[in-house]
Each structure stands twice: as C-alpha cells, then as structure tokens.
Amino acid sequence: HCSCRQQVRFEQQSSGINAEYGETLPCREEQFADIYYFLEAKLEEGSGGCMYISGVPGTGKTATVRDVLQHIGDGDYQYQMIEINGMKLSDPKQLYSLIYRHLEGRKVTPDHGSLLLSEYFGKKEKKSIILVVDELDLLWTRKQHVMYNLFDWPNRPNSKLVVIAIANTMDLPERMLMNKVASRLGLTRMTFQPYSHQQLLEIINSRLEGNTAFAPEACMLAARKVAAASGDARRALDICRLAIDIAEGESAPQVKSFHIQRAVTDMYQSIKSRAIMNCTLYQKLFLKAVLGVFRRRGVEEAVFKEVYEVFSSLCQFQGLFSPPCSAVLSLAVDLGASRILLTEQGPPSLHTHIRLNCSQDDVVFALKESLTQ
C-alpha cells in the first residue's frame, strides 16, 4: 500500500494540478505585457479603445486577461470594471441591459438599453470603463447590431470605454461586420496560439513545483499527447489529474508513463469518442474534413461548403467514390442529430455553419483509433 508520506505527496500533487487554471501563467508573459500596456495606456490617456483577443479554447486567453486586471487593480487608476460572458446571455441583446445596469444601477429593456447606452457613450464620460466580454462568438445575430455597437462605442469622440473582447474565432469581426467596417473600427488584435509540448511541460511542472510523485517522462508524455492533438492546457492538467487517481488506485509509488497512457485512453473513451468510433466511414471522413478546415483557418467553426471541398479531396485520396453534395449534407444532419456536431437551425445548405460538440482531442483520438484499425 501507499505509505502515508506517499499519500501526502499525491494529495499535494493533486491540489497543484487542481488549482484554478490560470493562477500562474507561464508561457504567456508576452501576451500579459501587451494587454497590460494597452490597458495602462488607455487609462492614463483617458481614451477609449478595443482589443480583440482570439484563440482556440484552453490557450489561456481569459486567465491572462484576469491576471492583467488583477495587476491593473493594484494600481492607482480610477475606472469601473464590467465583466460579461456571452455564454450566460439567453439573447445577445441582453448585453445592453446588463451594461446599463452596471453603469446606472437600474433595469431597462434591451431595446431601451441600446438607446440609453448610445447616448451615454456619446457624451463626455467622467471616468474610464473597462468592459470585458468573454465568449464573444455567442453574440452573433443576423443583423450584427450588438457586435457593431460593442466595437463602435470605444471609437466615439470623448469615449473612455475600453473593450476587451475574447473569442475563439480569429476572423470574427471581418465575417460579422464586413472587412470595410472591421478595418474602420481600428481593433488592436492578439492571437493566442495553442501551447507547444515544451510550453505544456512548463505549465505541468509549474503546478508540480518540484514534487517527485510524477516521473519526468510521465510529464513529458502528457505534454506531447496533448500538444499533438490540440495544445489545450486544461486538457493536459485533466490528464495528469486522472493519472494521479489511477496511480493512487494501484497504490503505485509514482505516476509513470503507463499511468498517463491509461489516463489518455480513459479520457478519450468518452461517450462522444465511442459514438465517433461507431460512425460510418464517410461520417468519419467528414469529421476529419471538419478538423482539417479548423486547422487551416485557425478557428473552431467551419462552413459546410469548405468542409465539402476537403471531404471530396479525402475521398479521392482514399480511392473512394465521392458522394454528391446533397448526400454529404445528409451526413452532416445525421452527425448533428447524434450531437457530435452542432449545426445552425433551419434547412441545411452550403452556407450552414458547423462546430464540434466535443473537443478536437476527442475527435482526433477516436479517428486515429478507428481509421487505422
């Protein structure tokens, strides 16, 4: 059995791995500095501006912004802080009501809020306002008024509104607002690239803080496995956490590479992964095409037309008959019905937007396992 000393080591280990993601942020010092100096300059000048931060999930966007805000808060700047998460809004227009309530302390309808805010940001503001909007992708509306206003308010004369917009989609402003409008809004941009295996290793080691309950090769394997799939730091820490549970269950003195391997396999043997493994060959190739478009564009959303083109190429490459567009649309509908994909409501078309309803890691692992069998 594990000795008492070993049990303590595992518990310390687990508490480090379980620490809120983002308490310390190795490998994001450059991004931290850029965001910090952007905010500092705006607060010192008393001017408005907007920074658009993009990158796939798990690359430290929100955690870095929170870290910056904590340090800015320690300074002598006078400003009001408003934080909104797009995921928590049932309707994008609710953003107006929420912002107005933060500013003036009273409830208004979204439409009335929109008018009041337009007036508010049009007159000379007394103090700076930092507005952080996370999960901006979810504020998508057909007419795009919400997103346009969000980017336009900081550009008004006398404006002291500083918007930090965080999203997974790199070219969201261009796609939502047309290139001409997006370029006029003068956004400061920053992209968080997926972590490399070296960076993931540094993140894991920073959590372990010299604790020896993990064999060095186990840390390296966890970093390499995740870097090859997605570069998602949260996923790397999840695998380490699961490996600790497996090692404890076996009363092992240390987490070794085979514990990491088992953790990876267990994690990716999720219901979604099994569903993908049970897909037809054409459905698997369609998912592979979706991943291909995601990687090529650097965003986690694709339009059916682009996926269909990659899918057809994959079929030709494998010497398979390439089904007609209508049949492939049906494939996408079936994958949506089984909740592996998320597709827009309404009749499917060439312009239907497609997202995964699971992590890229799950799909990569399931496809590797089943397409190579």
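Our subject is the structure that appears above.
As the structure is a computational prediction, the values presented were derived from the model and not from experiment.

Student: Sorry if this is basic, but what is going on with the sheet that holds strand 3 (residues 128–134) here?
Tutor: The five strands lie next to each other as 2-3-4-1-5, forming an open sheet whose pairing is parallel. A single partner strand is all that each edge strand has here, and the edge strands are strand 2 (79–85) and strand 5 (188–191). Between one strand axis and the next, the sheet turns through 15° on average, direction left out of account. The strands that helix 4 (residues 94–104) touches are strand 2 and strand 3; relative to strand 2, the one it contacts most, it runs at about 155°.

Student: Teacher, can you tell me more about the packing of aromatic side chains here?
Tutor: Two numbers describe a pair of aromatic rings. These are the distance of the centres and the angle of the planes. Scanning the model with the defined rule gives ten aromatic pairs in all. Relative to Tyr-308, the ring of Phe-304 lies with its centre 6.0 Å away and its plane at 15°, an arrangement referred to as stacked. Separated by four residues within a single helix, Phe-304 and Tyr-308 lie in helix 14 (residues 304–317), roughly one turn from each other. Taking relative accessible area as the criterion, Phe-304 reaches 1% and is therefore assigned buried. Three or more aromatic residues joined by ring pairs form one cluster here, namely Tyr-282, Phe-286, Phe-304, Tyr-308 and Phe-311. A cation sits over an aromatic face here: Arg-28 above Tyr-195, 4.1 Å from the ring centre.

Student: Please clarify how the environment of Thr-280 should be interpreted in this entry.
Tutor: With respect to the helices and strands, the residue Thr-280 is situated in the loop between helix 12 (271–277) and helix 13 (281–297). Between the C-alpha atom of Thr-280 and that of Leu-331, which follows or precedes it by 51 residues, the distance is 9.6 Å.

Student: Is there a simple way to explain the pairing of strand 1 (residues 49–54) in this structure?
Tutor: The side chains of a regular strand alternate, first on one face of the sheet and then on the other. Burial analysis of strand 1 places six of its six residues in the buried class, the great majority of the element. As judged from the six bridges shared by strand 1 and strand 4 (residues 161–167), these two strands associate in the parallel manner. Residue pairing across strands places Gly-49 opposite Val-162, the latter belonging to strand 4. The pairing of strand 1 with strand 5 spans four bridges and is parallel. Its bridge partner being in strand 5, Met-51 is matched across the sheet by Thr-188.

Student: Mind showing me how you'd approach the environment of Gly-58 here?
Tutor: Positionally, Gly-58 belongs in the loop between strand 1 and helix 3 (61–73). A relative accessible area of 3% places Gly-58 in the buried class. Taking C-alpha positions, Gly-58 is 7.8 Å from Pro-194, a pair spaced 136 residues apart along the chain.

Student: Just to check I follow, could you spell out the sheet that holds strand 6 (residues 302–303) for this structure?
Tutor: Sheet strands associate in pairs through backbone hydrogen bonding, adopting either a parallel or an antiparallel arrangement. Spatially, the three strands line up as an open sheet ordered 6-8-7, and their pairing is antiparallel. Each end of this open sheet is capped by a strand with a single partner; those strands are strand 6 and strand 7 (341–343). Bridge count for strand 6 against strand 8 (residues 353–356) is two bridges, and the pairing is antiparallel. Considered in strand 8, the bridge of Val-303 is made with His-353.

Student: Help me understand helix 6 (residues 145–152) in this model?
Tutor: Three- or four-residue spacings in an α-helix give side chains the same orientation, since the helix completes a turn every 3.6 residues. Across the eight residues that make up helix 6, a large majority, six, are buried. Along helix 6, the positions that sit buried rather than exposed are Val-146, Met-147, Asn-149, Leu-150, Phe-151 and Asp-152.

Student: Explain the pattern of salt bridges here, please?
Tutor: When the charged atoms of two side chains with opposite charge come close together, those side chains can pair. Following the criterion strictly, the structure yields seven salt bridges and no others. In this structure, the salt-bridge partner of Glu-250 is Arg-262, at a minimum N-O distance of 2.6 Å. With Glu-250 in the loop between helix 10 (233–249) and helix 11 (257–268) and Arg-262 in helix 11, this pair connects stretches of sequence that are twelve residues apart.

Student: Looking at this model, I keep getting lost on the packing of helix 13 against helix 14. Mind explaining?
Tutor: When two helices pack together, their arrangement is given by the angle between the helix axes and by the axis-to-axis distance. At their nearest, the axes of helix 13 and helix 14 sit 8 Å apart, and the two run at 120° to each other. One way to sum up the angle between helix 13 and helix 14 is to call them oblique. Taken as a pair, helix 13 and helix 14 cross one another with a handedness that is right-handed. Seen from helix 13, the contacting residues are Tyr-282, Leu-285, Phe-286, Lys-288, Ala-289, Val-290, Val-293, Arg-296 and Arg-297; seen from helix 14, they are Phe-304, Glu-306, Val-307, Val-310, Phe-311, Leu-314 and Cys-315. Its residues assigned to classes, the contact of helix 13 with helix 14 comprises twelve nonpolar, no polar and four charged.

About the thresholds
- Residues numbered from 1 in each chain as written.
- Predicted model: local features only at pLDDT ≥ 70, side-chain atom pairs only at ≥ 80, totals over all residues.
- Heavy atoms only, no water.
- Pairing = 2+ DSSP bridges.
- Helix = DSSP H or I, 4+ residues; strand = E, 2+ residues; numbered from the N terminus.
- Axes fitted to C-alpha atoms, helices over the stretch in contact; angles between N-to-C directions.
- Contact = heavy atoms within 4.5 Å.
- Phe/Tyr/Trp six-rings, centres within 6.5 Å; stacked < 30°, edge-to-face > 60°.
- Buried < 20%, exposed > 50% of the residue type's maximum accessible area, 1.4 Å probe, protein only.
- Lys NZ or Arg CZ within 6 Å of the ring centre and 35° of its normal.
- Salt bridge = Lys/Arg side-chain N within 4 Å of Asp/Glu carboxyl O.
- Parallel < 35°, antiparallel > 145°, perpendicular 65-115°, else oblique.
- Left-handed = near helix turned anticlockwise from the far one by under 90°.
- Nonpolar A, V, L, I, M, F, W, Y, C, P; charged D, E, K, R; others polar.

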